[in-house]
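# Tertiary structure, described
Given next are the chains, with one letter for each unit.
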Amino acid sequence: VQLQASGGGWVQSGGSLRLSCAASGSIESINAMGWYRQAPGKQRELVADITSGGSTNYADSVKGRFTISRDNAKNTVLLQMNSLKPEDTAVYYCNVRGYRLGFRAFGSWGQGTQVTVSS
């Protein structure tokens, strides 16, 4: 299963960006889809994730500013990021977990997309 992420870039503090990640390949079903981020010198951390049923979970630092959503028909997960802060600067990775055809479990990471927020 391959993931293709897009939408990163540079923005001033208070601005917005939208990340997108599309999964492709021999997919039977997708369970959780999420976004993680890793800033220089820090560990990768969960930003937000969403289940197949639409239940969401957010890191405290992004609650009220970021919104995760998914399009099940297109195997796509989106992350709308508003009111961005310099501390949101990081490489953002999408993560998808589910089952391939034949019900073999998989977990895949996207290639990472840079988000830079200037003060």
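All of the points below concern the structure found in this document. This one's a predicted model, so the numbers in the text were calculated from it and none came from an experiment.

A few words on the packing of aromatic side chains. For the structure shown, the criterion picks out 3 aromatic pairs. Ring geometry for Tyr36 against Trp109: centres 5.0 Å apart, planes inclined by 65°, an arrangement best described as edge-to-face. Of the two residues, Tyr36 sits in strand E4 (residues 27-38) while Trp109 sits in strand E10 (residues 104-109), which places them 73 residues apart along the sequence. Among the residues examined, Trp109 registers a relative accessible area of 40% and is labelled partly exposed. Between Tyr93 and Trp109, the aromatic rings sit 6.5 Å apart at their centres with planes inclined by 85°, giving edge-to-face as the arrangement. With Tyr93 in strand E9 (residues 90-100) and Trp109 in strand E10, this residue pair connects regions lying 16 residues apart in the sequence. Taken together, the ring pairs in this structure connect Tyr36, Tyr93 and Trp109 into an aromatic cluster. When the ring centre of Trp109 is taken as origin, the NZ or CZ atom of Arg44, which lies over that ring, is 4.6 Å away.

To continue, consider the state of the cysteines. A covalent bond between the sulfur atoms of two cysteines is what we call a disulfide. Enumeration over the complete set of coordinates arrives at 1 disulfide. Each sulfur in the disulfide pair Cys21 and Cys94 lies 2.1 Å from the other. Judged by the sign of its S-S torsion, about 50°, the bond between Cys21 and Cys94 is right-handed. Taken as a pair, Cys21 in strand E3 (residues 17-24) and Cys94 in strand E9 lie far apart in primary sequence, 73 residues in all. Summarising the burial analysis for this pair, Cys21 and Cys94 share the class buried.

Taking strand neighbours across the sheet as the criterion, the 4 strands line up as E1-E3-E8-E7 in an open arrangement whose pairing is antiparallel. Looking at strand neighbours, the two that pair on one side only are strand E1 (2-6) and strand E7 (66-71), the edges of this open sheet. Shown here is a sheet whose adjacent strand axes are inclined to one another by a mean of 15°, direction ignored. Of the pairings in the sheet, the one linking E7 to strand E8 (residues 76-81) comprises 6 bridges and is antiparallel in character. By the bridge assignment, Asp71 is partnered in E8 with Thr76.

The rules behind each value
Residues numbered from 1 in each chain as written. Predicted model: local features only at pLDDT ≥ 70, side-chain atom pairs only at ≥ 80, totals over all residues. Heavy atoms only, no water. Phe/Tyr/Trp six-rings, centres within 6.5 Å; stacked < 30°, edge-to-face > 60°. Helix = DSSP H or I, 4+ residues; strand = E, 2+ residues; numbered from the N terminus. Buried < 20%, exposed > 50% of the residue type's maximum accessible area, 1.4 Å probe, protein only. Lys NZ or Arg CZ within 6 Å of the ring centre and 35° of its normal. Disulfide = S-S within 2.5 Å. Pairing = 2+ DSSP bridges. Axes fitted to C-alpha atoms, helices over the stretch in contact; angles between N-to-C directions.

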